[in-house]
Amino acid sequence: MYMSPMAAVMLSSAPRHVLSPIFPPPDTQVPPPTALPKRGPAFRRLPSAVLRSAIRSIYVPESTSAAPFPAALGSSRSDWQTNCAILASKAASNSSSSSSPGGDNAGAASNEPSSSNDGNHYHLVSPTPVNGLKQNSATLDLVPVANLPRPLSISDLSPSPKHGSSVRVAYQGVPGAYSEAAAGKAYPNCEAIPCDQFEVAFQAVELWIADRAVLPVENSLGGSIHRNYDLLLRHRLHIVGEVQLPVHHCLLALPGVRKEQLTRVISHPQALSQCELTLSGMGLNVAREAFDDTAGAAEYVANNGLRDTAAIASARAADLYRLQVLADGIQDDSGNVTRFVMLAREPIIPRTDRPFKTSIVFAHDREGTSVLFKVLSAFAFRDISLTKIESRPHRHRPLRLVDDANVGTAKHFEYMFYVDFEASMAETRAQNALAEVQEYTSFLRVLGSYPMDMTPWDSSSSSPSPPTPPSSLS
């Protein structure tokens, strides 16, 4: 095949993996595009169209820093893949046009450019866009984007719960417990999941068995529930809300039992302490025995037919276990309220359009009482009100040694401090306060920033509607 001197020089200097000559079909002899004189100059400028018909660029690996011809067709991987798809579609259309010369295929073939020289004809395939071709999708073996499987997300593992819409809420106790009533108040029409221990309720949320957990943290008469404060630090759940529930205790016994027949009263330790004065004022000479929870005590009396034992529980527990109410409202203080927190796997986004409360826990490893004073001052200087401060011994470092040359070695307790303050983490003052607290402490963790429970309550009002019992825990 004849090749011009300029094309020969360019082919010899170009890398072999970049340029490759395009030869006409073997049965066609193409004369030189331009006749050169025998005794002319050694080199002559040729039209660019002729050079394009002689050479072309093919796929260049993406690792190459720069393509030899940046403007050339197929200088990237995407162009190379597009050209392959174009050639495949052209081949399919040419085969269909040869089988049926008429129709649309014939019209498409007539639009292809052709070149002729001395009676020899050959076609140049132009890079028509793929979307502009009338082709069968099966030819390119392409999968429509709409039919691709959607990647799994966190919402596929557990449906994103909405307030009061089929939310699975774990609580400690059995049906009829005050925690179940708190779950119904926090998430109306929820599916309540009873747990025998507080830690099981934490694990139910962590293992995706439940969406939320509602657990008590303090009572207006009995004080803080330390077990749940320790579990808040041990587990990685977040406080997303709070609910305050008035506690209305009742003395329950089997039908037909009188007060004079009772020899003992069983209930949760908090319930026993909240009704101590009332029980003594009733003239009952009974023994007090602690039980796991109030509703569990009522269930125990009913299932075992104990006619000498009464239970302190709610009126709903009396309806569930068919017990009679010997005395109603036996709590020592009519303003008996228990505060519950709502726990979730993910925190909520703090806002400033409504009152928010933030709970934190911190520890310090410095001697003296000035550190705690500095921490509290960080909130006081910014006019942030503290609603609670609770100290618990440090589980991993319960004691701290303090050297004194005169007395010897003293041992002081190391404490973790739980603090609730009325501010949202979306506020600048709360962020600056925690930034200052972090300078004085060795450990700081935000347990949650959540809306405050501003709903009014009445101690004489009935309990909220009970939630839906769980259909299955599998």
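Reading guide: rules and limits
Counting restarts for each chain: residues are numbered from 1 in the order of the written sequence. Only residues with pLDDT of at least 70 are given local features in this predicted model, and only at 80 or more are side-chain atom pairs given and counted; all residues enter the totals for whole chains, interfaces and linings. Each side-chain value is derived from all of the structure's non-hydrogen atoms; neither hydrogens nor water enter the calculation. Helix numbering and strand numbering both begin at the N terminus, where a helix is a DSSP run of H or I of at least 4 residues and a strand a DSSP run of E of at least 2. When accessible area is computed with a 1.4 Å probe and restricted to protein chains, residues below 20% of their type maximum are described as buried, those above 50% as exposed, and intermediate ones as partly exposed. By the convention used here, residues are in contact when the closest approach between their heavy atoms is within 4.5 Å. Areas reported as accessible are Shrake-Rupley estimates using a 1.4 Å probe. Residue values count occlusion only from the protein chains shown. Geometry is summarised by axes, namely lines fitted to C-alpha atoms with helices restricted to the contacting stretch, and by angles between N-to-C directions that run from 0 to 180 degrees. Comment on the angle field: the value is read as roughly parallel under 35 degrees, roughly antiparallel over 145, roughly perpendicular from 65 to 115, and oblique elsewhere. In the scheme used here, Gly and all other residues not listed as nonpolar or charged are polar, with Ala, Val, Leu, Ile, Met, Phe, Trp, Tyr, Cys and Pro taken as nonpolar and Asp, Glu, Lys and Arg as charged. To pair, rings of Phe, Tyr and Trp, with the six-membered ring standing in for Trp, must have centres within 6.5 Å; the planes then decide the type, stacked if under 30 degrees apart, edge-to-face if over 60, and tilted in the middle. Any Lys NZ or Arg CZ that is within 6 Å of a ring centre and within 35 degrees of that ring's normal is treated as a charge sitting over the ring. Only protein atoms enter the 1 Å grid used here. Points where a 1.4 Å probe fits but cannot escape make up a cavity, open sets with protein on both sides within 12 Å along at least five of seven lines make up a pocket, and a residue lines them when an atom lies within 4 Å of a point. Grid points are joined across faces, edges and corners, and a volume is the space filled by probe spheres set on the points. By convention a nonpolar core is built from buried Ala, Val, Leu, Ile, Met, Phe, Trp, Tyr and Cys residues, the set being connected through side-chain atoms within 4.5 Å. At least two DSSP bridges between two strands are required for those strands to pair. Under this definition, polar contacts are N or O atom pairs within 3.5 Å; protein pairs additionally need one hydrogen-donor-capable and one acceptor-capable atom, and for neighbouring residues in sequence, both atoms have to be side-chain atoms. pLDDT is defined as a per-residue confidence score from the predictor, taking values between 0 and 100.

It is worth spelling out the overall build of the protein chain at this point. Of regular secondary structure, the protein chain possesses 15 helices and 21 strands. In the protein chain, buried positions account for 36% of the 474 residues. Looking at the protein chain alone, contacts between residues at least 24 apart form 76% of all its contacts between residues at least 6 apart. Surface exposure of the protein chain reaches about 27100 Å², of which carbon and sulfur atoms provide 54%.

For the rest of this paragraph, the subject is the packing of helix 14 (residues 370-380) against helix 15 (residues 428-440). The interhelical angle for the contact between helix 14 and helix 15, taken along N-to-C directions, is 170 degrees, at an axis separation of 8 Å. The angle between the axes of helix 14 and helix 15 places the two elements in the roughly antiparallel class. From helix 14, Val371, Lys374, Val375, Ala378 and Phe379 reach across to helix 15, where they touch Ala433, Leu434, Glu436, Val437 and Tyr440. Taken together, the residues of the contact of helix 14 with helix 15 break down into 8 nonpolar, no polar and 2 charged.

Attention now moves to the packing of aromatic side chains. Under the definition given, this model contains 5 aromatic pairs. Plain terms: the ring middles of Tyr229 and Tyr418 are 5.1 Å apart, the flat faces sit at 70 degrees to each other, and that makes the pair edge-to-face. You can see Tyr229 sitting in helix 9 (residues 226-234) and its partner Tyr418 sitting in strand 20 (residues 415-421), a full 189 residues away along the chain. When sorted by exposure, Tyr229 lands in the same class as Tyr418, which is buried. With a centroid separation of 6.4 Å and an interplanar angle of 50 degrees, the aromatic rings of Tyr415 and Phe417 are classed as tilted. Take Tyr415: its relative accessible area is 32%, and that puts it in the partly exposed class. Through pairs of rings, three or more aromatic residues link up here, namely Phe362, Tyr415 and Phe417. Looking at Arg345, its charged tip hangs above the ring of Trp208, at a distance of 3.7 Å from the centre.

In this section: the environment of Tyr187. With respect to the secondary-structure elements, Tyr187 resides in the loop between helix 7 (178-186) and strand 6 (191-195). Along the sequence, Tyr187 and Val169 sit 18 residues apart, while their C-alpha atoms lie 8.1 Å from each other.

Next up on the list: empty space enclosed by the protein. Counted under the stated rule, the structure contains 5 cavities of 30 Å³ or more. In this structure, the largest cavity spans a volume of roughly 290 Å³. If you list the elements that add at least two residues to the lining of the largest cavity, you get helix 7, strand 7 (212-219), helix 10 (269-274) and strand 15 (337-344). Take the lining of the largest cavity: its biggest share by element is 3 residues, from helix 10. Along the lines of polarity and charge, the residues of the lining of the largest cavity split into 8 nonpolar, 9 polar and 2 charged.

By size, the foremost hydrophobic cluster in this structure holds 33 residues, and its most contacted members are Leu251, Leu252, Leu262, Val265, Ala298 and Ile312. When contributions to this core are tallied by element, the ones reaching two or more residues are strand 10 (250-253), strand 11 (264-267), helix 10, helix 12 (294-304), strand 13 (309-313), helix 13 (315-321) and strand 14 (324-328). Counting residues in hydrophobic clusters, the runner-up holds 25 residues, among them Leu232, Leu237, Leu343 and Tyr418.

Attention now moves to the sheet that holds strand 16 (residues 356-363). In spatial order, the strands read 17-20-16-21; together these 4 strands make up an open sheet with antiparallel pairing. Bordering the open sheet on either side are strand 17 (386-393) and strand 21 (443-451), each of which pairs with just one other strand. Pairwise comparison of adjacent strand axes, ignoring direction, gives a mean angle of 15 degrees for this sheet. Where strand 16 and strand 21 come together, 8 bridges link them in antiparallel fashion. Bridging across to strand 21, Lys357 finds its partner in Tyr450.

Right, let's get into the side chain of Gln331. Summarising the element assignment, Gln331 is placed in the loop between strand 14 and strand 15. A polar side-chain atom of Gln331 sits 3.0 Å from the main-chain amide nitrogen of His249.

Looking at the protein chain, pLDDT values average 74 and 56% of them are 70 or higher. Segment residues 152-161 is flagged for pLDDT under 50; beyond a separation of four residues in sequence, or across chains, it makes 12 contacts in the model. Every residue in residues 398-406 scores below 50 in pLDDT, and together they form 22 contacts with partners more than four places removed in sequence or on other chains.

With mixed pairing, 5 strands are arranged side by side in an open sheet as 12-11-13-10-14. Of all strands in the sheet, those with a lone pairing partner are strand 12 (287-290) and strand 14, marking the two edges. Averaged over all pairs of adjacent strands, the angle between strand axes in this sheet comes to 30 degrees, irrespective of strand direction. Relative to strand 14, strand 10 runs antiparallel, the two sharing 4 bridges. Within strand 14, the position partnered with Ala253 by the bridge is Gln324.

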